[in-house]
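# A structural walkthrough
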Amino acid sequence: MRYAFLFLLLFLPVLSMAGVVRGRITDENGKGLPFASIYIKETASGTASNEEGLYQLQLRPGTYTLEFKYVGYRARFETVTVGEGTQELNIQLQPEVLNLQEVVVRAADEDPAYRIMRNAIRLRKYHLNEVNAWRARVYMKGVYRLDKVPSKILGIKMVDVDTGIVYLSESVSELSFKKPDKVNERMISSKVSGQKKGFSFNQASEMNVSFYDNLLQVEGLSERGFVSPLANNALFYYRFEYMGAFQEDGRTINKIKVIPRRKNDPVFSGHIYIVDGTWRIHSTDLRLTKDAGIDFVDWIRVRQVYASVAEHVWMPVSQRFSFEAAGLGFKGGGYAMAVYSSYKVQPAYARPPQLQEVEPEPEEQAAGSRPAPQKGKIKVIAPEEIAPEAQQPIHDEKLFSREILVVEEEANERDSAYWAAVRPVPLTQEEVTDYHKKDSLEVIKKSQPYQDSLDGVRNVPSFGNFLVRGYTYSNTYKGRFFGINPAIGVTGEPSMLQYNTVEGAVADLRMQYTRRFEDRTRYEIAPAVRYGFANEKLNAKLRLTYNYDPIGNSTISLEGGRYVEQISSAEPISPFVNTLYTLAAERNYMKLYQRDFGRISYRGEPLNGVFLNGWLDYAHRMPLQNTADYTLRDRSGSESRFTSNVPQNAELPDASFSAHEALTLSLSVSVQPGQEYISRPDNKINLGSKYPTFSLGYRTGIKAMGSDVQFHTAALRISDEMGFGLLGRSKYSVTGGTFWGKKAMYLMDYKHFNGNRTLFAGIYEGFQLLDYYRYSTNNRYLEAHYEHHFNGFLFNKIPLFRKLKWQEVGSLNYLHTQESRHYLELSVGIEHIFKIIRVDFVTSFQEGNKARTGITVGVGF
């Protein structure tokens, strides 16, 4: 049972006895200061003002010390006595008065900022680890606006999208952390403008960005991460400038300007504030721009405010990430903010770390002289750690699991009175208007007439879309969707119009009807009809799919009919590419056969990180021969270079086959240990794991029901992705397999490897120069793929590539079979050309001897 109602019952009586302190925080000219921080010492809690500088606090009766902060302004402390009523407290902050006289700076001296930053860097890891565990209540708000909207994007009309606020969401979560990396978050309330039944996508743990980390990894913002100004190697990436110091609550706060040493390094610019003596972060105001290699946005600004929440422990009390972006005709921006309150911490140190000047060695001292410190040589006196048995637990160990975020079932059922009571940051007038407008329009927007009117615009067919994307007819109100495949499948979908040497010109019409329900279950009906004009054969099949468990992504499927398929079920060459090569270059790489079949299959995740797949298939398999030899080239009497529809295979003198029956069963299990996930009331979102994925597959031909095949094969696969910070990221897979009991097999039953013989890159976890069927095997095999994306580590040092934002990539593909022996492919390439294009130069080796070279072009993000 969820705890939301219990929380509400316990919390509302407290609110009924609370008083309210509210007001406006302004600058020296009376202008509101947006997102100024308010920290309450007695409760170790904080809040922030809104965009207009307005704030409000819900406090139980008592006396409190309030600290008002804004980056670039002097902090102000106010003592208030709270009763059960409402009192107004307006605060005007004054700009920092920076004292430059505390440090004597001469022209030949190093800027004093470097001494301050070196000290902060020396104590970085201690401040990173000064708590063993903590928990806090986190209020988050996300606001995203559009200032400009195109009428069309990629040929698709934009409907129901306007300028102004397009997404407004608030949430309240209980966030818990325990060393080394255990996280648990429970979203207890959620509000999304215009979606009363919607759940916020806010995630407080994603806002937990610390500049004490050497490298800041922000998902979706950059592949390589960003170097912190406090990183161990920060002096290689940054210049620092001392701007002065000011006093706050008896502490000296140093303001340091952060300047990138090179324009295109993955670094920040702006200001960071360091507490003198303890050398910890006081606050930050830092920016990332396009020069730092960020994707999808033009710039992002990170503002943080820290405060003391326990002895020797400082934690963030407010964070704000703001951004602007433009592209594809859109222009807009927004922010995500987090306010932390009710901190409970388990400090790691009884005494904090200290810095001490090192005295010279005895032999360096004059006889009888008094030892004198050596200026500039500093050592760290490690902190006194608190023994584990002396620490007061603040978490139940059962709290932490692979479920890092759970959204309570009743989270979206709070009313306006609840939000008025718990919201620490007042809404702006624009946000109030947005809630009122969109919540009022929600009923209208979900009505059948409104959704039918939008579908009427979307459903207007477009020749360009039909040509390369296909066509979709939507009935959104009833959750019904109908689609057909594109005329030419440039994007990878099966083409409606094809050509091959077996069927000649082909009409392959594939349709799909989808019915979606409110509980996120759905079913699909997918008929397909195929006609070859040269061999004059009509084929058809039907697939029925039912997704009955969105949480476990469980799907059952039935399929049957008569159809033409590639000999390799992996379909290594697309119909569109094969059509081009057949007509323009007389290369009929696609090898086909016909099968009358019936199949039942299952896919699901019965346990977290455990994925099951299986199918049982019965087929009557028939060979096909070439019936067409048309080409766009004028051969002038020369013989056709088209090859037989029977592939060449090194293990089979003759790979042809006669018609036969085949009953086959396939089972596979894939395990990803330590997979983390998010639980929402209506679905589950898998987030991956730091461990490799292990997959075990088994396939067999069953001698029953008239089947002519009998064999067994099994394979083990290990795959993973690894990050190396600024050096880039790698991914690899290794697969080993074997066959036994091979009493009756045909080429379709062999193990096939994803090859490629065209200019267009095949599957990147495959081979780029390997023949499609030459080394298909029914013996032991070993296959390995490794790919490293440097993410600009090298090209960023070359001005032209840096400006174009091209990135380098390298890969290795290896295959060992009975006949291939040691086959190796090495490639180097460039990706992110025009954002999505990738070009590779590939060389293959057979038994150490150079075999082939080639260039491939593909899509690589």
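Scroll up to find the structure this text is about.
Everything in this summary refers to the structure shown in the same document. All chains use their own residue numbering, which begins from 1 and follows the written sequence. Given that the model is predicted, a residue must reach a pLDDT of at least 70 before its local features are reported, and side-chain atom pairs must reach 80 or more before they are shown or counted; all residues, however, enter totals for whole chains, interfaces and linings. Computation of side-chain values covers all heavy atoms of the structure but excludes hydrogens and water.

### As for the overall build of the protein chain
Runs of E in the DSSP output that reach at least two residues are strands. Runs of H or I that reach at least four are helices, and both are numbered from the N terminus. Along the backbone of the protein chain there are 10 helices and 47 strands. If you line up the protein chain on its principal axes, its C-alpha atoms span 95 × 80 × 55 Å. Only protein chains enter the accessibility calculation, which uses a 1.4 Å probe; a residue is then buried when its area is under 20% of its type maximum, exposed when over 50%, and partly exposed in between. Per-residue burial for the protein chain yields a buried fraction of 48% across its 861 residues. Carbon and sulfur atoms make up 55% of the accessible area of the protein chain, which amounts to about 41600 Å² in all. When charges are tallied, Lys and Arg are placed among the positive residues and Asp and Glu among the negative ones, while His and the ends of the chain are skipped. Each charge is placed at NZ for Lys, CZ for Arg, CG for Asp and CD for Glu. The distance from the centre of the 104 positive side-chain charges to the centre of the 97 negative ones in the protein chain is 2 Å. For the accessible areas, the method is Shrake-Rupley and the probe is 1.4 Å, while residue cover comes only from the protein chains on display.

### Quick look at helix α9 (residues 575-585)
Those residues of α9 that fall on the buried side of the exposure criterion are Pro575, Val577, Asn578, Thr579, Tyr581, Thr582 and Leu583. Note on definitions: a residue-residue contact is assigned when non-hydrogen atoms from the two residues lie within 4.5 Å. Check the buried side of α9 and you find it contacts β30 (497-500). Directly after α9, the chain includes Glu586, whose backbone phi takes a positive value near 55°.

### Side note on the packing of aromatic side chains
Within 6.5 Å between ring centres, the rings of Phe, Tyr and Trp (the latter by its six-membered ring) count as paired, and their orientation is classed by plane angle as stacked under 30 degrees, edge-to-face over 60, tilted in between. Under the counting rule described, the total for this entry stands at 30 aromatic pairs. Here Tyr513 and Tyr523 contribute two aromatic rings whose centre-to-centre distance is 6.4 Å and whose plane-to-plane angle is 50°, an arrangement assigned as tilted. Remark: Tyr523 occurs in strand β32 (residues 522-532) and Tyr513 occurs in strand β31 (residues 504-516); sequence separation between them is 10 residues. Assessed through its relative accessible area of 28%, Tyr523 is described here as partly exposed.

### Considerations on the environment of Asp455
Summarising the element assignment, Asp455 is placed in helix α7 (residues 448-458). Owing to a relative accessible area of 2%, Asp455 belongs among the buried residues under this scheme.

### Notes on the sheet that holds strand β5 (residues 62-69)
Here four strands make up an open sheet; going across it, the order is β3-β2-β5-β6 and the pairing antiparallel. Single-partner strands in this sheet number two, and they are β3 (45-48) and β6 (76-82). Across this sheet, the average inter-strand angle for adjacent strands is 25°, counted without regard to direction. We treat two strands as partners when DSSP finds at least two bridges between them. Relative to β3, strand β2 (residues 37-40) runs antiparallel, the two sharing four bridges. Counted as the bridge partner of Ile38 is Thr47 from β3. Here an axis means a line fitted to C-alpha atoms, over the contact stretch when the element is a helix, while the angle between two N-to-C directions is reported on a 0 to 180 degree scale.

### Details of unusual backbone geometry
Following Lys179, the chain continues into Pro180 via a peptide bond in cis, with omega recorded as 0°. With respect to the helices and strands, Pro180 occurs in the loop between β12 (164-178) and β13 (182-192). A positive phi angle, close to 75°, is found at Arg520, a residue other than glycine. Among the structural elements, Arg520 can be located in the loop between β31 and β32. If you check the backbone angles, Glu536 has positive phi at about 55° while not being a glycine. Topologically, Glu536 is positioned in the loop between β32 and β33 (537-549). Judged by relative accessible area, which is 59%, Glu536 ranks as exposed.

### Digging into the environment of Ile281
Relative to the elements of secondary structure, Ile281 occurs in strand β19 (residues 281-289). Ignoring sequence-local partners within four residues, the contact set of Ile281 consists of Phe211, Tyr212, Leu230, Ile272, Tyr273, Ile274, Tyr306 and Trp314.

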